[in-house]
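Structure assessment
Chain residues, written in single-letter form:
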Amino acid sequence: MSAEKNICFGVFTFITMTLLLFSSLSAANPLFDEPSYVFDLDTPYLCETADFNCDGNKDFLVTSYTPHLLSIFLGTGDGTFTCSQNSFTFDIGSISLCQLNSDFYPDLVVSNGEDEETIHVYLGDGQGGFQLEEVLMHDHFSVNTGDLNGDGYSDLLLPYNITSHYWIEVYLCDGNGCFLPDSSYEVENYGIAHLVSVPGDLNGDGFVDVAFIPSAGRRLGIMLGNGDGTLQQVYYNASSYENCADWATIEEGDYNEDGFLDLAASAGFGWSDHLVLLNNGTGNYSISDTLDDEMIWLVSADFNLDGDLDLGGSGGTLRICPGWGDGTFGGPIYSNYPNSGQLGVADFDNDEDQDIVRLNDSVYVYLNKTIQQGIEGVENPEGNEPVLSLLKNPISSSAVIEIFIPKECDCRISTYDVNGRLVGILYDGLFSAGNHEIQWNNEGLSPGCYFLMLQTPTGSSSTRCVVVD
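Here the structure is a predicted model, which is why all the values come from computation and not from measurement. (Residues numbered from 1 in each chain as written. Predicted model: local features only at pLDDT ≥ 70, side-chain atom pairs only at ≥ 80, totals over all residues. Heavy atoms only, no water.)

Right, let's talk about the environment of Leu343 for a bit. Following the sequence through the fold, Leu343 ends up in strand E26 (residues 343-346). When the C-alpha positions of Leu343 and Val365 are compared, they lie 9.9 Å apart, and in sequence the two are 22 residues distant. Setting aside its immediate chain neighbours within four residues, Leu343 contacts Trp297, Val299, Gly312, Gly313, Ser314, Leu318, Ile356, Val357 and Arg358. (Helix = DSSP H or I, 4+ residues; strand = E, 2+ residues; numbered from the N terminus. Contact = heavy atoms within 4.5 Å.)

What follows is about the pairing of strand E11 (residues 155-162). Counting buried positions along E11 yields 6 of 8 residues, so the element is predominantly enclosed. As judged from the 3 bridges shared by strand E10 (residues 144-146) and E11, these two strands associate in the antiparallel manner. When the bridges of E11 are listed, Gly146 appears paired with Asp155. With 7 bridges joining them, E11 and strand E12 (residues 165-173) adopt antiparallel strand pairing. Bridge pairing in E12 links Ile162 to His165. Two successive antiparallel strands, E11 and E12, enclose a turn made up of 2 residues, where Thr163 displays a positive phi of approximately 45°. (Buried < 20%, exposed > 50% of the residue type's maximum accessible area, 1.4 Å probe, protein only. Pairing = 2+ DSSP bridges.)

A contiguous patch of negative charge, built from Glu257, Asp258, Asp306 and Asp326, is present on the exposed surface. Inspection of the secondary structure puts Glu257 in the loop between strand E18 (249-253) and strand E19 (262-266). (Patch = residues over 30% accessible without salt bridge, like charges linked within 9 Å, V, L, I, M, F, W, Y side chains within 5 Å. Areas by Shrake-Rupley, 256 points an atom, 1.4 Å probe, with all protein chains shown as cover. Salt bridge = Lys/Arg side-chain N within 4 Å of Asp/Glu carboxyl O. Lys, Arg positive; Asp, Glu negative; His and termini not counted. Charge placed at Lys NZ, Arg CZ, Asp CG, Glu CD.)

Quick look at the sheet that holds strand E5 (residues 81-87) now. In spatial order, the strands read E2-E3-E4-E5; together these 4 strands make up an open sheet with antiparallel pairing. On the outer flanks of this sheet lie strand E2 (44-50) and E5, each paired with one strand and no other. Within the sheet, the average angular offset between the axes of one strand and its neighbour, ignoring direction, is 20°. Pairing geometry for strand E3 (residues 59-64) and strand E4 (residues 69-75), over 5 bridges, is antiparallel. Note that in E4 the partner of Val62 across the bridge is Ser71. (Axes fitted to C-alpha atoms, helices over the stretch in contact; angles between N-to-C directions.)

To continue, consider the side chain of Thr317. The residue Thr317 is located in the loop between strand E23 (310-314) and strand E24 (318-321) in this model. At 3.0 Å, the side chain of Thr317 and the side chain of Arg319 are in polar contact. (Polar contact = N/O pair within 3.5 Å; in protein donor to acceptor, adjacent residues only side chain to side chain.)

Moving on, we get to the side chain of Gln99. Mapped onto the secondary structure, Gln99 falls in the loop between strand E6 (92-98) and strand E7 (107-112). A polar contact is formed between the side chain of Gln99 and the backbone oxygen of Asn101, at a distance of 3.1 Å. A distance of 3.4 Å separates the side chain of Gln99 from the backbone oxygen of Tyr105, its partner in a polar contact. In this view, Gln99 contacts Phe104, Tyr105, Asp107, Gly152, Tyr153 and Ser154; residues no more than four positions away in its chain are not counted.

Moving on, we get to the sheet that holds strand E31 (residues 409-417). One open sheet accounts for 4 strands, arranged E32-E31-E34-E35; its pairing is antiparallel. The open sheet is flanked by strand E32 (422-431) and strand E35 (459-467), the only strands paired with a single partner. Taken pair by pair, the neighbouring strands of this sheet meet at an average axis angle of 15°, ignoring direction. Examined bridge by bridge, E31 and strand E34 (residues 448-456) share 6 bridges and lie antiparallel to one another.

Confidence along the protein chain averages 81 in pLDDT terms, with 83% of residues attaining 70 or more. Low pLDDT, under 50, characterises residues 1-28; the predicted model gives this stretch 67 contacts beyond four residues in sequence or across chains. Low pLDDT, under 50, characterises residues 374-382; the predicted model gives this stretch 6 contacts beyond four residues in sequence or across chains. (pLDDT = per-residue confidence, 0-100.)

Moving on: the packing of aromatic side chains. Applying the stated criterion to the full structure yields 16 aromatic pairs. Measuring from centroid to centroid gives 5.3 Å for Phe81 and Phe348, while their planes differ by 80°, and the two rings are edge-to-face. Taken as a pair, Phe81 in strand E5 and Phe348 in the loop between E26 and strand E27 (355-359) lie far apart in primary sequence, 267 residues in all. Here Phe81 matches Phe348 in class, with each residue buried. (Phe/Tyr/Trp six-rings, centres within 6.5 Å; stacked < 30°, edge-to-face > 60°.)

Now for the environment of Tyr285. With respect to the helices and strands, the residue Tyr285 is situated in strand E21 (residues 285-291). You can call Tyr285 buried: its relative accessible area is 9%. Distance from Tyr285 to Leu202, taken between C-alpha atoms, is 9.8 Å for residues 83 residues apart in sequence. Every residue in contact with Tyr285, bar those within four places of it in the chain, is listed here: Leu202, Ile222, Asn237, Leu261, Asp262, Leu263, Leu277, Leu278 and Asn279. Within the structure, the side chain of Tyr285 is placed 2.9 Å from the backbone oxygen of Leu261, a separation counted as a polar contact.

Written out as structure tokens, the structure reads:
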């Protein structure tokens, strides 16, 4: 089965990988110490995380208003970074990380925020930088990307208006970093589709779907994908939004753990009810919870390693609200003042819990200490937990996987990409107690970062690996 067909379950699996690894340990509230890294940057605005140079360490980028800069922060694996900056002659309105060619380095689409009809397409160079590939002319509100036709390349979605009629236009990627116009969909006749999200497979048919928030009308819009780059007729879910601001966000995750992709949506500062919407498996949603007005820029991860997805948000403060696994969330278990900017989430110090980038007057990185709290004083002298490791890392066309099984049992060894999507199952069967070696032939696997995971009835183990040419 392809990775695209597993995306609905892959997101939940990736988030819970760390729980499975540490299932015998007591969970602790996330503790973010004083920032491990601070970078002075005037008016930071947008943030995205990825491994830009494929060295196995998570990186992030930040845009700023004045001056017009794209700052790229390459991680060293310990929560510190080296920074390089690119200057732009225009205000950056919105950005989208994507995959536009076959080299599998993260690419970038940037919109002009000064009401000019230009979209700049940049290809990642594998060293942490980007090279301009083409400039599109299009009168748009924002740029949004996702693989709508299942060819492995990100396609472009552009909301715009013509004589007070509002549309989302789809441009398909040709696999070489260029886009070709394909189809258009009218979504509103009185409001702007400020935010478009391509969260994944919302109705379980294996095709990527689209969600968006119009600027008015108290609704969440859904367009189901057909798998060929086209979308089905727009329909809406009831909500309680008064209006939608430019900084609205949609975050996805399986918040009630039923195997279907749910959504958390924020309409931006000053507007009523930020919502958690549960998916019934068809792409239709019902409201399970409302979030307070501090939850603006939304992110989700299992911050406290209890197995349930949590939500982070920033308004006047940065808050982490614990998920209960049923689609509802508790009061903040972490709060930090002040914060009013976007958040980014990744494991920056390679300790398997999720850290945070927060933007305010500067750029701050906070390291999550949950795992250090959880394993403090824990010993395993009898070797009663399964263990998975690699003889060498990075790896090329093949590798040797070493595992230890404390007692005979059924085992599964799986591979996941950095987005939590299942790539393949390497072994599924019985193992006797003791040490074993497995030859992993990964020819045809694209260069990049992956996770290997060993699952047994009594515990699990995972490790990060980097595949190179």
